[in-house]
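Here is how the chains run, residue by residue.
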Amino acid sequence: MPEQTASDAGGPVYNINDKLPPSTLILTILQHFFALAVYITYPVIISGAVCGSEDVTTTLISATLVGCGIATVLQAFRRIGSGHVLPIIPNSSYLPASLLAATGGGLPMLYGMLIAGGLIEMIISRFTRFFRFIFPTEVCGTVLFLLGIAIVPFAFPLFLGSTDSSPLDPASAVVGVITLASMIILSVIKKRIFKFYSTLIGIIIGFIAAAALGVFRLESFTEISSLTPFAVPEFAFLTGYDFSPALLAPFIIAVICIVMKTAGNITLLNSYTGNTDKKSLRKGLFAEGAGLLISGVLGGIGTGTSSSAAGLVVSTGVASRRVGFGLGILLIICGFMPFFGWLFHLIPKPILGAVLIYAVVFVMMSGISSIASRVLDPRRIFVVLLPILIGVSSAVCPYLYSELPKWAELFFASPLTAGSFAAVVLGLVLKIGIPHHKMLMTSDTKEIRKFVFECAGLWTLDKTQTAELAEEAASAALKNRAESIRLSLSRSREHLEMAFICAGGDVLHISRELI
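Here the residue numbering is sequential within each chain, running from 1 through the sequence in written order. Owing to the predicted nature of the model, reporting of local features is limited to residues with pLDDT of at least 70; listing and counting of side-chain atom pairs is limited to 80 or more, with chain, interface and lining totals taken over all residues. Side-chain figures throughout are based on the complete set of non-hydrogen atoms in the structure, without hydrogens or water.

Attention shifts here to empty space enclosed by the protein. In this approach the atoms are scanned with a rolling probe the size of a water molecule, which exposes any empty space left behind. With a 1 Å grid spanning the protein atoms alone, the term cavity applies to any set of points in which a 1.4 Å probe fits but cannot get out, the term pocket to an open set with protein on both sides within 12 Å along at least five of seven lines, and the term lining residue to any residue with an atom within 4 Å of a point. Grid points are joined across faces, edges and corners, and a volume is the space filled by probe spheres set on the points. Applying the stated rule across the entire model yields 2 cavities of 30 Å³ or more. Considering only enclosed or pocket space, the largest cavity measures out at about 60 Å³ in volume. What lines the largest cavity is a set of 10 residues, among which L36, I40, L65, P90 and L331 lie closest to the centre. Secondary structure elements are taken from DSSP: a helix is a run of H or I of four residues or more, a strand is a run of E of two residues or more, and numbering for both begins at the N terminus. Those elements that place two or more of their residues in the lining of the largest cavity are α4 (54-76) and β1 (88-90). Each residue is assigned to one class: nonpolar for Ala, Val, Leu, Ile, Met, Phe, Trp, Tyr, Cys and Pro, charged for Asp, Glu, Lys and Arg, and polar for all the others, Gly among them. Looking at side-chain class alone, the lining of the largest cavity contains 9 nonpolar, 1 polar and no charged residues. The computed volume of the second largest cavity comes to approximately 30 Å³.

Moving on: unusual backbone geometry. With a phi angle near 45°, T460 is a residue other than glycine that sits in the positive phi range. With respect to the helices, strands and loops of the structure, T460 is situated in the loop between α20 (445-459) and α21 (463-480). Burial classes follow relative accessibility: with a 1.4 Å probe on protein chains only, a residue under 20% of its type's maximum area counts as buried, one over 50% as exposed, and anything between as partly exposed. Look at T460 and you get buried, because its relative accessible area is 3%. Positive phi outside glycine occurs at R481, with the angle close to 55°. Mapped onto the elements, R481 comes out in the loop between α21 and β4 (482-489). Given the relative accessible area of 69%, R481 is considered exposed.

The contact between helix α17 (residues 378-396) and helix α19 (residues 415-429) brings their axes to 7 Å, and the two run at 155°. Judged by the angle between their axes, α17 and α19 are roughly antiparallel. Helix-helix and strand crossings are classified by hand; for α17 and α19 the assignment is right-handed. Between α17 and α19, the contacting residues are R380, F382, V383, L386, P387, I390, G391, S394 and A395 on the first element and P415, A418, G419, A422, A423, L426 and G427 on the second. Orientation is described by axes fitted as lines to C-alpha atoms, over the contacting stretch for helices, and by angles from 0 to 180 degrees between their N-to-C directions. Should an angle lie under 35 degrees it is considered roughly parallel, over 145 roughly antiparallel, and from 65 to 115 roughly perpendicular; all remaining angles are considered oblique. Working rule for handedness: look at the near helix, and if it is turned counterclockwise from the far one by less than a right angle, call the crossing left-handed; if clockwise, right-handed. When checking whether two residues touch, look at their non-hydrogen atoms; a contact exists if any pair is within 4.5 Å.

A few words now on the sheet that holds strand β3 (residues 437-440). Two strands make a pair as long as DSSP finds a minimum of two bridges between them. Across the sheet, 4 strands lie side by side as β3-β4-β5-β6; this open sheet has antiparallel pairing. Because the sheet does not close on itself, it has two edges, and the strands there are β3 and β6 (507-513). On average, adjacent strands in this sheet sit at an angle of 15° to one another, irrespective of strand direction. Sheet analysis places strand β5 (residues 495-502) next to β6, joined by 7 bridges and oriented antiparallel. Bridged to A499 within β6 is H509. Across the sheet, α20 lies against β3, β4 and β5, angled at about 165° from β3, the strand it touches most. On top of the sheet, α21 reaches β4, β5 and β6; it is set at about 20° to β5, its chief contact.

Attention now moves to the packing of aromatic side chains. Only Phe, Tyr and Trp rings take part, Trp by its six-membered ring, and two of them pair if their centres are within 6.5 Å. Stacked means planes under 30 degrees apart, edge-to-face means over 60, and tilted covers everything else. Within the structure shown, the criterion is met by 6 aromatic pairs. Taken together, a centroid distance of 5.6 Å and an interplanar angle of 75° make the contact between F33 and F34 edge-to-face. Judged by its relative accessible area of 3%, F33 is buried. Between the aromatic rings of F156 and F159, the centroid separation amounts to 6.0 Å while the plane-to-plane angle is 75°, which identifies the pairing as edge-to-face. With a gap of 3 residues between them, F156 and F159 both fall in helix α7 (residues 137-160), about one helical turn apart.

With that settled, the discussion passes to the state of the cysteines. Note on disulfides: each one is a pair of cysteine sulfur atoms within 2.5 Å. Applying the stated criterion across every chain, the model contains 0 disulfides. Of the cysteine sulfurs around C455, a residue in no disulfide, the closest is that of C502, at 18 Å.

Turning our attention to helix α16 (residues 349-372). Multiplying 1.5 Å by the helix residue count minus one yields the expected span of that helix. The end-to-end C-alpha distance of α16 is 34 Å, a good match for the 34 Å that 24 residues give at a rise of 1.5 Å each. By the criterion of burial, α16 is predominantly enclosed, with 17 of the 24 residues buried.

Counting 106 residues, the largest nonpolar core has F33, I46, L110 and F251 as its most contacted members. Aside from chain neighbours lying at most four places away, what touches I46 is L60, L95, S98, L99, A102, L107, L110 and I301. Judged by nonpolar contacts, the second largest core, of 23 residues, contains V375, W459, L469 and A477. Among buried residues, the Ala, Val, Leu, Ile, Met, Phe, Trp, Tyr and Cys ones that are joined through side-chain atoms within 4.5 Å form a nonpolar core.

What follows covers the side chain of T442. Position of T442 among the secondary structure elements: in the loop between β3 and α20. Owing to a relative accessible area of 16%, T442 belongs among the buried residues under this scheme. Under the rule applied, a polar contact is a pair of N or O atoms within 3.5 Å (in protein, one hydrogen donor and one hydrogen acceptor; residues adjacent in sequence only if both atoms are side-chain atoms). At a separation of 3.1 Å, a polar atom in the side chain of T442 contacts the main-chain amide nitrogen of D444.

Let's shift gears to a nonpolar patch on the surface. Excluding any residue in a salt bridge, patches collect residues exceeding 30% relative accessible area, merging like charges within 9 Å and nonpolar Val, Leu, Ile, Met, Phe, Trp and Tyr side chains within 5 Å. Per-residue and other accessible areas follow the Shrake-Rupley method at a 1.4 Å probe size, with only the shown protein chains counted as cover for residues. Salt bridge criterion: a side-chain nitrogen from Lys or Arg within 4 Å of a carboxyl oxygen from Asp or Glu. Residues V174, I178, I205 and L213 make up a contiguous nonpolar surface patch of about 270 Å² in total accessible area. You can see L213 is positioned in the loop between α10 (198-212) and α11 (248-273). By relative accessible area, L213 is classed as partly exposed at 40%.

A few words on the pattern of salt bridges. One pass over the full model with this rule turns up 6 salt bridges. Residues D462 and R374 are paired through a salt bridge, measuring 3.9 Å at the closest nitrogen-oxygen approach. Here D462 is found in the loop between α20 and α21, whereas its partner R374 is found in the loop between α16 and α17, with 88 residues between them in sequence. Of the two residues examined, D462 and R374, each falls in the buried class. As a salt-bridge pair, R512 and E472 come within 2.3 Å of each other at their nearest N and O atoms. With R512 in strand β6 and E472 in helix α21, this residue pair connects regions lying 40 residues apart in the sequence. Classification of E472 by relative accessible area gives partly exposed; the value is 23%.

With that out of the way, let us pick up the environment of P350. Inspection of the secondary structure puts P350 in helix α16. Taking the C-alpha atoms as reference points, P350 and V174, separated by 176 residues in sequence, lie 8.6 Å from one another. Contacts of P350, omitting those with residues within four sequence positions, involve L158, F159, S172, V175, G176 and V215.

Quick look at the structure:
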């Protein structure tokens, strides 16, 4: 049965371990499946960069689908992955580095570098105990917000029917608006069935509009007769691999970007589902790294978790990991059926753009909520806002960074990479000088409350928890006639200890786990 309590509180209708009715399961899997279609353009881009034939493109798509399917299944397992519906998809963060490898050393070079990248991420996943220090909630929230900004140059040309920087196409723009409006209207209708299938129904309405306005030709379906129903891709282990130490730097940069993005995705889903498994991030990153390695071994392209899929979980309220298992199996099957690669390319671009914009809105909103949930002092305000401005500058003024060395230019390849690195670096630099212990000599409960909020600003604690801690501290000080209070933040930033020095020299200790 679905967790009605969670739903009533704004959480998922079907939570992580809930069983789904077969119809709900199938239709939710299809929604995620079609939402991933936009990312299948990445193998096409890489194949085009190396002047690949149609067979090369088909092989890249098929191997990528199989790799993504295996990794998505691993991600849904609680013992191996995060235990969430968090599909692994072709990822744009790897595009700059992948194009460098593919054009410089051919596809075998790309495969070898992806294997190295996967191993690096699997190693990084073993050190997540430092992540709360390096990637605090406000930094993850900033990364999630930047994801939306990074999507704009990609999603809106699709949405408005622009190709090669051309003006918008009126017919395509109408199709995009109809599709997006349909999904928004369906998602706010109180009947749960419309919320569950808002994306899928919106895609169907978009197809009808596209056919009516001439954006999509029904004759395209006749091409299915020329397709092979089943084919085994020419996996990379049949052709070989290559490796270049000189390309490690751009791939490490890409891996770090993906790690920050995935940390934000898992934080979002943990918060939404109420998941308290502290190892979910470590396991999720390990499964993602394994997925990247598998993609390289099979001959696919760079992959990572999908923020739009995380947004889709929030928008539909279906968070059951059974969806992840089903979607992974479907992707594996699709990898052996050329029909599905053809089907992905059949979806009109305005519909793909609408789905992408719809899903990323929820991701950005989650980022804003994460930032707003923390007590921020002036230092942390700069950590949030300056990276957003730097990220926007890379999209609005790309010429500023065009003369940088190639390795440095990768940092400004998109708002996500530029802003994410700025957020992490500023976050670490502006932590310098912040004490882990603070003491106040007073018995005034009003001053004690104020003191707790000042410390919360220094350590960016959760606002709701800070209010509770302030009341608890004031009450404990009054009850025990404390003459002073000392707050101590653990090095892992997971615990806060309050020590009250009472009259007569007695000391009362209260420890709380931080959100």
